[in-house]
Amino acid sequence: MREIIYQDKRYEETDNELQKAIAVSGMYFFRYYYQDRLVIVAETTVERFACKRFYPNMPQSFAEEIVCEEDQAAYYGMYEAISCGEKKASAVFGLKNGRGTVRVVLSVFEKDENGGAGGGRRHDRRRDG
């Protein structure tokens, strides 16, 4: 793991070499910091999907830029499930600008002091495009 600083706060990220090794299997990552409503997109994911590195104001900012409008209900449903206490939620949605379709699995791997989602990791598996 390595540290990233965003708006004067420290966050952890999976090592870039590990990201590259896993990307060979078609899986890409981001880390969702629920309390901060922030996603930090792994460098390999940024390269593959031509997206930004940081998405504050989640899940809205990512949906507005990336997710096809007709699939946004499924996308938002995945985040709603996590905020309601589910440990794992998934969705399939199309990407804007013809970037294809992805299956996303959002998994909680940290909990806050109240037992809510403290951090998550998304695994994307490219489906087509």
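Now for a quick tour of the structure. No experiment lies behind these values; they were computed from the predicted model shown. (Residues numbered from 1 in each chain as written. Predicted model: local features only at pLDDT ≥ 70, side-chain atom pairs only at ≥ 80, totals over all residues. Heavy atoms only, no water.)

On to the environment of threonine 14, then. Locating threonine 14 in the fold gives a position in the loop between β2 (9-13) and α1 (16-23). With a relative accessible area of 8%, threonine 14 lands in the buried category. Expressed as a C-alpha distance, the spacing of threonine 14 and phenylalanine 29, which sit 15 residues apart in the sequence, is 8.7 Å. (Helix = DSSP H or I, 4+ residues; strand = E, 2+ residues; numbered from the N terminus. Buried < 20%, exposed > 50% of the residue type's maximum accessible area, 1.4 Å probe, protein only.)

For the structure on display, the rule yields eight salt bridges. One salt bridge in this structure joins glutamate 17 and lysine 20, with 3.9 Å as the shortest N-O distance. Placement of both glutamate 17 and lysine 20 in helix α1 is noted, with a separation of three residues, approximately one turn of the helix. Of the residues examined, lysine 20 reaches a relative accessible area of 40% and is grouped as partly exposed. (Salt bridge = Lys/Arg side-chain N within 4 Å of Asp/Glu carboxyl O.)

It is worth spelling out the packing of aromatic side chains at this point. The way to describe two aromatic rings as a pair is by their centre distance and the angle between their planes. Summed over all chains, the structure comprises eleven aromatic pairs. On the numbers, 6.1 Å between centres and 85° between planes, the contact of tyrosine 32 with tyrosine 34 is edge-to-face. Overall, the relative accessible area of 28% leaves tyrosine 34 in the partly exposed class. Ring centres 5.1 Å apart and planes at 75° place the aromatic pair tyrosine 55 and phenylalanine 62 in the edge-to-face group. By relative accessible area, which is 3% here, phenylalanine 62 ends up buried. One aromatic cluster in this structure is built from Phe30, Tyr32, Tyr34, Tyr55, Phe62, Tyr75, Tyr76, Tyr79 and Phe93. Sitting above the plane of the phenylalanine 54 ring, arginine 53 keeps its charged end 5.8 Å from the centroid. (Phe/Tyr/Trp six-rings, centres within 6.5 Å; stacked < 30°, edge-to-face > 60°. Lys NZ or Arg CZ within 6 Å of the ring centre and 35° of its normal.)

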